[in-house]
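Notes for the structure review
Here are the chains, one letter per residue:
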Amino acid sequence: AQSVTQPDIHITVSEGASLELRCNYSYGATPYLFWYVQSPGQGLQLLLKYFSGDTLVQGIKGFEAEFKRSQSSFNLRKPSVHWSDAAEYFCAVGAPYSGAGSYQLTFGKGTKLSVIP
Amino acid sequence: GAGVSQSPSNKVTEKGKDVELRCDPISGHTALYWYRQSLGQGLEFLIYFQGNSAPDKSGLPSDRFSAERTGGSVSTLTIQRTQQEDSAVYLCASSPLGHSEAFFGQGTRLTVV
(Lines give C-alpha, C1' and ligand atoms only; values in the text may rest on other atoms or scores of the structure.)
Protein backbone atom coordinates (compact mmCIF):
# COMPACT_ATOMS: atom_id res chain seq x y z
CA ALA A 1 0.00 0.00 0.00
CA GLN A 2 1.15 3.51 -0.71
CA SER A 3 2.09 6.00 1.99
CA VAL A 4 3.31 9.57 2.28
CA THR A 5 5.45 11.14 4.99
CA GLN A 6 5.72 14.85 5.56
CA PRO A 7 8.38 15.14 8.25
CA ASP A 8 7.70 18.75 9.20
CA ILE A 9 4.46 19.43 11.03
CA HIS A 10 4.96 23.20 11.21
CA ILE A 11 7.38 25.54 9.45
CA THR A 12 7.78 29.28 9.98
CA VAL A 13 9.56 31.47 7.44
CA SER A 14 9.96 35.18 6.94
CA GLU A 15 8.26 36.86 4.03
CA GLY A 16 10.61 36.94 1.07
CA ALA A 17 12.60 33.94 2.24
CA SER A 18 12.83 30.73 0.27
CA LEU A 19 10.77 27.69 1.19
CA GLU A 20 11.17 23.95 0.89
CA LEU A 21 8.55 21.51 2.17
CA ARG A 22 9.59 17.89 2.34
CA CYS A 23 7.65 14.90 1.14
CA ASN A 24 8.67 11.25 1.01
CA TYR A 25 6.50 8.57 -0.51
CA SER A 26 6.26 4.81 -0.66
CA TYR A 27 4.67 3.27 -3.74
CA GLY A 28 5.31 0.03 -5.58
CA ALA A 29 5.02 1.36 -9.11
CA THR A 30 5.58 4.60 -10.97
CA PRO A 31 4.27 7.23 -8.58
CA TYR A 32 1.70 9.83 -9.42
CA LEU A 33 2.45 12.70 -7.06
CA PHE A 34 0.49 15.76 -6.07
CA TRP A 35 0.79 18.80 -3.84
CA TYR A 36 -2.36 20.46 -2.51
CA VAL A 37 -2.78 23.61 -0.43
CA GLN A 38 -5.52 24.25 2.11
CA SER A 39 -6.14 27.78 3.34
CA PRO A 40 -7.98 28.18 6.66
CA GLY A 41 -11.63 27.16 6.36
CA GLN A 42 -11.21 26.22 2.71
CA GLY A 43 -11.10 23.08 0.69
CA LEU A 44 -7.95 21.80 -0.95
CA GLN A 45 -6.54 23.31 -4.13
CA LEU A 46 -4.13 21.52 -6.45
CA LEU A 47 -0.74 23.26 -6.70
CA LEU A 48 1.00 20.85 -9.06
CA LYS A 49 1.34 17.23 -10.05
CA TYR A 50 3.94 14.83 -11.42
CA PHE A 51 3.16 11.87 -13.64
CA SER A 52 6.22 11.38 -15.83
CA GLY A 53 8.82 13.23 -17.85
CA ASP A 54 10.69 16.25 -16.54
CA THR A 55 11.37 15.73 -12.86
CA LEU A 56 11.01 19.45 -12.09
CA VAL A 57 7.38 20.50 -12.33
CA GLN A 58 5.97 23.98 -12.18
CA GLY A 59 2.71 24.80 -10.49
CA ILE A 60 0.48 27.69 -9.66
CA LYS A 61 1.37 30.59 -7.37
CA GLY A 62 5.09 30.31 -8.17
CA PHE A 63 5.55 26.86 -6.64
CA GLU A 64 7.65 24.07 -8.09
CA ALA A 65 8.49 20.54 -7.01
CA GLU A 66 11.24 18.12 -7.87
CA PHE A 67 10.75 14.38 -8.14
CA LYS A 68 13.77 12.35 -7.03
CA ARG A 69 13.21 8.64 -7.52
CA SER A 70 16.44 7.66 -5.77
CA GLN A 71 15.30 9.44 -2.62
CA SER A 72 11.58 8.70 -2.97
CA SER A 73 11.00 12.39 -2.51
CA PHE A 74 8.84 15.08 -4.04
CA ASN A 75 9.78 18.30 -2.25
CA LEU A 76 7.88 21.53 -2.81
CA ARG A 77 9.80 24.78 -3.23
CA LYS A 78 9.20 28.47 -3.66
CA PRO A 79 12.01 31.01 -4.06
CA SER A 80 10.28 33.87 -2.25
CA VAL A 81 7.37 33.36 0.12
CA HIS A 82 4.48 35.82 0.37
CA TRP A 83 2.31 36.31 3.46
CA SER A 84 -0.63 34.90 1.50
CA ASP A 85 1.17 31.56 1.25
CA ALA A 86 0.43 30.85 4.91
CA ALA A 87 -1.66 27.68 4.77
CA GLU A 88 -1.43 23.94 5.20
CA TYR A 89 0.26 21.94 2.47
CA PHE A 90 -0.45 18.32 1.67
CA CYS A 91 1.59 15.94 -0.42
CA ALA A 92 -0.25 12.98 -1.94
CA VAL A 93 0.48 9.88 -3.98
CA GLY A 94 -2.19 8.63 -6.37
CA ALA A 95 -3.11 5.08 -7.24
CA PRO A 96 -4.90 5.19 -10.60
CA TYR A 97 -8.35 3.75 -11.14
CA SER A 98 -8.18 1.71 -14.34
CA GLY A 99 -9.61 3.43 -17.36
CA ALA A 100 -11.06 6.36 -15.45
CA GLY A 101 -8.19 8.84 -15.37
CA SER A 102 -8.88 9.44 -11.70
CA TYR A 103 -6.82 8.52 -8.67
CA GLN A 104 -7.28 7.33 -5.12
CA LEU A 105 -5.15 9.84 -3.25
CA THR A 106 -3.17 8.92 -0.15
CA PHE A 107 -2.24 12.08 1.71
CA GLY A 108 0.48 12.96 4.12
CA LYS A 109 -0.46 14.55 7.43
CA GLY A 110 0.35 17.99 6.14
CA THR A 111 2.79 20.79 6.90
CA LYS A 112 1.44 24.02 8.32
CA LEU A 113 3.27 27.06 6.98
CA SER A 114 3.38 30.29 8.95
CA VAL A 115 4.82 33.44 7.37
CA ILE A 116 6.34 36.25 9.43
CA PRO A 117 5.77 39.66 7.84
CA GLY B 1 -22.66 25.34 -9.61
CA ALA B 2 -19.27 26.98 -9.67
CA GLY B 3 -17.66 24.52 -7.29
CA VAL B 4 -18.25 21.49 -5.11
CA SER B 5 -20.91 22.33 -2.56
CA GLN B 6 -21.23 20.60 0.79
CA SER B 7 -23.95 20.91 3.39
CA PRO B 8 -24.25 21.54 6.20
CA SER B 9 -21.00 23.40 6.77
CA ASN B 10 -21.18 22.54 10.46
CA LYS B 11 -23.06 19.79 12.28
CA VAL B 12 -23.20 19.10 15.98
CA THR B 13 -24.87 15.86 16.97
CA GLU B 14 -25.31 13.76 20.05
CA LYS B 15 -23.51 10.48 20.40
CA GLY B 16 -25.62 7.65 19.04
CA LYS B 17 -27.57 9.75 16.54
CA ASP B 18 -27.42 9.27 12.78
CA VAL B 19 -26.19 12.06 10.51
CA GLU B 20 -26.32 12.70 6.77
CA LEU B 21 -23.79 14.84 4.96
CA ARG B 22 -24.50 16.07 1.46
CA CYS B 23 -22.24 16.76 -1.49
CA ASP B 24 -23.17 18.47 -4.76
CA PRO B 25 -20.31 17.91 -7.22
CA ILE B 26 -19.41 20.18 -10.09
CA SER B 27 -21.87 19.64 -12.92
CA GLY B 28 -20.65 17.05 -15.39
CA HIS B 29 -18.04 15.56 -13.09
CA THR B 30 -18.30 11.80 -13.12
CA ALA B 31 -15.94 10.99 -10.26
CA LEU B 32 -16.83 11.79 -6.66
CA TYR B 33 -14.76 11.17 -3.55
CA TRP B 34 -15.29 11.42 0.19
CA TYR B 35 -12.37 12.03 2.53
CA ARG B 36 -12.21 12.50 6.29
CA GLN B 37 -9.80 15.03 7.82
CA SER B 38 -9.07 14.59 11.48
CA LEU B 39 -6.93 17.00 13.47
CA GLY B 40 -3.27 16.19 12.96
CA GLN B 41 -4.08 13.10 10.90
CA GLY B 42 -4.22 14.39 7.36
CA LEU B 43 -6.87 13.20 4.96
CA GLU B 44 -8.25 9.69 4.99
CA PHE B 45 -9.92 8.23 1.88
CA LEU B 46 -13.43 6.94 2.51
CA ILE B 47 -15.22 6.14 -0.76
CA TYR B 48 -15.08 6.78 -4.52
CA PHE B 49 -17.83 6.84 -7.13
CA GLN B 50 -17.23 6.84 -10.89
CA GLY B 51 -20.22 7.01 -13.18
CA ASN B 52 -22.30 3.85 -13.03
CA SER B 53 -19.41 1.66 -11.87
CA ALA B 54 -19.45 -0.07 -8.50
CA PRO B 55 -18.06 2.32 -5.87
CA ASP B 56 -14.71 1.76 -4.17
CA LYS B 57 -15.74 1.46 -0.53
CA SER B 58 -12.37 0.26 0.71
CA GLY B 59 -11.80 3.28 2.93
CA LEU B 60 -15.01 3.16 4.97
CA PRO B 61 -13.87 2.62 8.57
CA SER B 62 -16.85 0.60 9.77
CA ASP B 63 -20.29 -0.58 8.74
CA ARG B 64 -21.74 2.48 10.46
CA PHE B 65 -20.56 4.46 7.44
CA SER B 66 -22.32 4.32 4.09
CA ALA B 67 -22.68 6.53 1.05
CA GLU B 68 -24.80 6.71 -2.01
CA ARG B 69 -24.83 8.74 -5.16
CA THR B 70 -28.15 9.33 -6.82
CA GLY B 71 -28.45 9.90 -10.56
CA GLY B 72 -24.70 10.17 -10.88
CA SER B 73 -24.73 13.55 -9.20
CA VAL B 74 -25.51 14.35 -5.56
CA SER B 75 -23.97 12.13 -2.91
CA THR B 76 -24.93 11.55 0.70
CA LEU B 77 -22.58 10.18 3.34
CA THR B 78 -24.45 8.63 6.25
CA ILE B 79 -22.95 7.86 9.63
CA GLN B 80 -25.14 5.76 11.91
CA ARG B 81 -24.91 5.68 15.69
CA THR B 82 -22.25 8.39 15.73
CA GLN B 83 -19.31 8.11 18.09
CA GLN B 84 -17.02 10.84 19.40
CA GLU B 85 -14.17 9.54 17.25
CA ASP B 86 -16.29 10.37 14.19
CA SER B 87 -15.73 14.07 14.90
CA ALA B 88 -13.79 15.42 11.93
CA VAL B 89 -14.10 17.47 8.77
CA TYR B 90 -15.64 15.47 5.94
CA LEU B 91 -14.46 16.60 2.52
CA CYS B 92 -16.03 15.83 -0.81
CA ALA B 93 -14.25 16.16 -4.15
CA SER B 94 -15.17 15.62 -7.76
CA SER B 95 -13.37 15.37 -11.08
CA PRO B 96 -14.34 14.96 -14.71
CA LEU B 97 -13.75 11.68 -16.55
CA GLY B 98 -10.13 11.29 -17.61
CA HIS B 99 -8.96 14.19 -15.48
CA SER B 100 -6.55 13.73 -12.60
CA GLU B 101 -7.31 16.87 -10.59
CA ALA B 102 -9.84 16.49 -7.81
CA PHE B 103 -11.77 19.65 -6.93
CA PHE B 104 -12.59 19.83 -3.24
CA GLY B 105 -15.51 21.34 -1.39
CA GLN B 106 -15.06 23.30 1.81
CA GLY B 107 -16.13 20.39 3.95
CA THR B 108 -18.60 19.62 6.70
CA ARG B 109 -17.27 19.92 10.24
CA LEU B 110 -18.92 17.20 12.31
CA THR B 111 -18.80 17.38 16.08
CA VAL B 112 -20.18 14.50 18.13
CA VAL B 113 -20.92 15.43 21.75
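Structure report, in brief. (Residues numbered from 1 in each chain as written. Chains lettered and ligands numbered in written order. Predicted model: local features only at pLDDT ≥ 70, side-chain atom pairs only at ≥ 80, totals over all residues. Heavy atoms only, no water.)

Considerations on the side chain of arginine 69 of chain B
Residues and elements named next belong to chain B.
- Mapped onto the secondary structure, arginine 69 falls in strand S6 (residues 65-69).
- Of the buried charged residues, arginine 69 lacks a salt bridge, with aspartate 24 as the closest side chain of opposite charge at 9.4 Å.
- Dropping the residues within four chain positions of it, arginine 69 is found in contact with Pro25, His29, Thr30, Ala31, Leu32, Phe49, Gly51, Val74 and Ser75. (Helix = DSSP H or I, 4+ residues; strand = E, 2+ residues; numbered from the N terminus. Buried < 20%, exposed > 50% of the residue type's maximum accessible area, 1.4 Å probe, protein only. Lys, Arg positive; Asp, Glu negative; His and termini not counted. Salt bridge = Lys/Arg side-chain N within 4 Å of Asp/Glu carboxyl O. Contact = heavy atoms within 4.5 Å.)

As for the interface of chain A and chain B
- Of the residues lining the interface, 21 residues belong to chain A; the matching set on chain B comes to 24 residues.
- Roughly 1,700 Å² is buried in total at the junction of chain A and chain B, and carbon and sulfur atoms are behind 51% of that figure.
- For chain A, the biggest contributors to the area lost against chain B are Leu44, Tyr97 and Lys109 of chain A; these three give 25% of the whole.
- Counting across the chain A and chain B interface gives zero salt bridges.
- Linking chain A with chain B are ten residue pairs in polar contact (both at pLDDT 80 or more), by the criterion used here.
- Contributions of two or more residues to the side of chain A that touches chain B are made by strand S5 (32-38), strand S6 (44-50) and strand S11 (103-107) of chain A.
- A total of four residues in the side of chain A that touches chain B trace back to one element, the largest contributor, which is S11 of chain A.
- Of the residues assigned to the side of chain A that touches chain B, the class counts are eleven nonpolar, eight polar and two charged. (Buried area = accessible area lost by both parts, 1.4 Å probe. Polar contact = N/O pair within 3.5 Å; in protein donor to acceptor, adjacent residues only side chain to side chain. Nonpolar A, V, L, I, M, F, W, Y, C, P; charged D, E, K, R; others polar.)

Concerning the pairing of strand S9 (residues 73-78) of chain A
Residue and element names in this part refer to chain A.
- Across the six residues that make up S9, a large majority, five, are buried.
- Two elements, strand S3 (residues 19-21) and S9, share three bridges in a ladder whose sense is antiparallel. Looking at S9, one finds that glutamate 20 is bridged to arginine 77.
- Of the pairings in the sheet, the one linking strand S8 (residues 64-68) to S9 comprises five bridges and is antiparallel in character. What sits directly across from lysine 68, in S9, is serine 73.
- Between the antiparallel neighbours S8 and S9 lie four residues, among them serine 72 with a positive phi of about 50°. (Pairing = 2+ DSSP bridges.)

Here's the deal with the nonpolar core
- Counting 26 residues, the largest nonpolar core has Leu19, Trp35, Leu47, Leu48, Phe74, Leu76 and Tyr89 of chain A as its most contacted members.
- Those elements giving two or more residues to this core turn out to be strand S2 (10-14), S3, S5, S6, S8, S9, strand S10 (87-96) and strand S12 (111-116) of chain A.
- Counting residues in each nonpolar core, the second largest holds 22 residues, with Phe34 and Tyr97 of chain A together with Ala102 and Phe104 of chain B among its members. (Core = buried A, V, L, I, M, F, W, Y, C linked by side-chain atoms within 4.5 Å.)

A word on the environment of aspartate 56 of chain B
- Topologically, aspartate 56 of chain B is positioned in the loop between strand S5 (42-50) and S6.
- Note on aspartate 56 of chain B: relative accessible area 17%, which makes it buried.
- Between the alpha carbons of aspartate 56 of chain B and serine 100 of chain B there is a distance of 17 Å; along the sequence they are 44 residues apart.
- Sequence-distant contacts of aspartate 56 of chain B, defined by excluding residues within four places in its chain, comprise Tyr97 and Gln104 of chain A together with Phe45, Leu46, Ile47 and Tyr48 of chain B.
- Within the structure, the side chain of aspartate 56 of chain B is placed 2.5 Å from the side chain of tyrosine 97 of chain A, a separation counted as a polar contact.
- A polar contact is formed between the side chain of aspartate 56 of chain B and the side chain of glutamine 104 of chain A, at a distance of 3.0 Å.

Considering the environment of lysine 15 of chain B
Residue and element names in this part refer to chain B.
- Here lysine 15 is to be found in the loop between strand S2 (10-13) and strand S3 (19-24).
- Between the C-alpha atom of lysine 15 and that of valine 113, which follows or precedes it by 98 residues, the distance is 5.7 Å.
- Filtering out sequence-adjacent residues up to four positions away, lysine 15 remains in contact with Thr82, Gln83, Val112 and Val113.

Description of the sheet that holds S6 of chain B
All names here are of chain B.
- An order of S1-S3-S7-S6 is seen for the four strands of this open sheet, with the pairing classed as antiparallel. In this open sheet, the two edge strands, each paired with only one partner strand, are strand S1 (5-7) and S6. This sheet shows a mean twist of 15° between the axes of neighbouring strands, independent of strand direction. (Axes fitted to C-alpha atoms, helices over the stretch in contact; angles between N-to-C directions.)

Looking at the packing of aromatic side chains
Residue and element names in this part refer to chain A.
- The full count for this structure, using the stated rule, is 20 aromatic pairs over all chains.
- Pairing tyrosine 32 with phenylalanine 51 gives two aromatic rings, centres 5.1 Å apart and planes at 80°, and the pair type is edge-to-face. Placement of tyrosine 32 in strand S5 and of phenylalanine 51 in the loop between S6 and strand S7 (56-58) is noted, with a sequence separation of 19 residues between them.
- Residue classification places tyrosine 32 among the partly exposed residues on the basis of a relative accessible area of 21%.
- Classification of phenylalanine 51 by relative accessible area gives partly exposed; the value is 24%.
- Pairing tyrosine 50 with phenylalanine 74 gives two aromatic rings, centres 6.4 Å apart and planes at 45°, and the pair type is tilted. With tyrosine 50 in strand S6 and phenylalanine 74 in strand S9, the pair connects residues that are 24 residues apart, well separated along the chain. Comparing tyrosine 50 with phenylalanine 74, the two get one shared label, buried. (Phe/Tyr/Trp six-rings, centres within 6.5 Å; stacked < 30°, edge-to-face > 60°.)

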